[in-house]
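Observations on chain architecture
Spelled out, the chains give:
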Amino acid sequence: MEWLFRDISVRVEIGPYNDKELGLVVKARNIPLGLELGGVAVTANEASEAENVEYWPSLSLGNTSRRSVIFHAASEALQKTELLSKTSIGFFTMGLEVARIPTWEIAEEIVKALHTHCQKDCGIDKVVIVASTPTQVSSLQYALDNVHIIV
């Protein structure tokens, strides 16, 4: 499926997805899963082949400001894509999903950041949001279809 935000093509995919073609990607690194094995905390880390990689901040379900953290991280990644003169960006949600952040919160904050970013002239023409579960895909579809309600 594809949506248009001004001149930006937004696609939702279910992983795995080869990120090498994307100008910048946002993935998980050290997202706590709330598990310990032998006293060592277990975290989610996503591999990447992209040249430019940013990482979601460390979040957990207990973080009450997690929505604003996701929005801020997505906004900064969009700005960095512009600064690097790249035209495509990928948001990968697997790490946030396995950390049990609610799917609708992830979807709404990424879509809000995208909507806010494209209100001014923008050099980005392609956004790919890669989810790891059908539930996250559904949340993303809802947020993209109803952006006028959530912003």
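Presented here is an overview of the structure given in this document. (Residues numbered from 1 in each chain as written. Predicted model: local features only at pLDDT ≥ 70, side-chain atom pairs only at ≥ 80, totals over all residues. Heavy atoms only, no water.)

**Quick notes on unusual backbone geometry**
Quick reminder of the rule: Runs of H or I in DSSP of at least four residues are treated as helices and runs of E of at least two as strands, each being numbered from the N terminus. For the exposure calls, accessible area comes from a 1.4 Å probe over protein chains only, and a residue counts as buried if that area is under 20% of its type's maximum, exposed if over 50%, partly exposed in between.
Between Gly-15 and Pro-16 the backbone carries a cis peptide bond, its omega angle lying at 5°. Note that Pro-16 resides in the loop between β2 (8-14) and β3 (24-27). Positioned with a positive phi, Arg-6 is a non-glycine residue whose angle comes to about 55°. Positionally, Arg-6 belongs in the loop between β1 (2-5) and β2. In this structure, Ser-85 is a non-glycine residue whose phi angle is positive, near 60°. On the secondary structure map, Ser-85 appears in the loop between α1 (66-83) and β7 (88-92). Judged by its relative accessible area of 63%, Ser-85 is exposed.

**Quick word on the pattern of salt bridges**
The following threshold applies: Criterion for a salt bridge: a side-chain nitrogen of Lys or Arg within 4 Å of a carboxyl oxygen of Asp or Glu.
This model, assessed by the stated rule, comprises eight salt bridges. Of the charged contacts in the structure, one is a salt bridge between Lys-27 and Asp-19, with a shortest N-O distance of 2.9 Å. Look at Lys-27 and you get buried, because its relative accessible area is 4%. Look at Asp-19 and you get buried, because its relative accessible area is 3%. Of the charged contacts in the structure, one is a salt bridge between Lys-112 and Glu-109, with a shortest N-O distance of 3.2 Å. Separated by three residues within a single helix, Lys-112 and Glu-109 lie in helix α3 (residues 103-117), roughly one turn from each other. Within the structure, one salt-bridge network assembled from shared partners comprises Arg-67, Glu-108, Glu-109 and Lys-112.

**Section: the side chain of Glu-105**
Note the following rule: Any two residues whose heavy atoms approach within 4.5 Å at even a single point are treated as in contact.
Considering the arrangement of structural elements, one finds Glu-105 in helix α3. Residue Glu-105 is classed as buried on the basis of its relative accessible area, which comes to 8%. Leave out the neighbours within four places in its chain, and Glu-105 touches Arg-66 and Arg-67.

**Quick look at the nonpolar core**
Going by this rule: Buried Ala, Val, Leu, Ile, Met, Phe, Trp, Tyr and Cys residues form a nonpolar core when they are joined through side-chain atoms within 4.5 Å.
Counting residues in hydrophobic clusters, the biggest one holds 36 residues, and the most contacted among them are Phe-5, Val-10, Trp-56, Ile-89, Phe-91 and Val-127. It is α3 that provides the largest number of residues to this core, a total of six residues. Within the second largest apolar cluster, seven residues are counted, among which are Leu-22, Val-25, Ala-50 and Phe-92.

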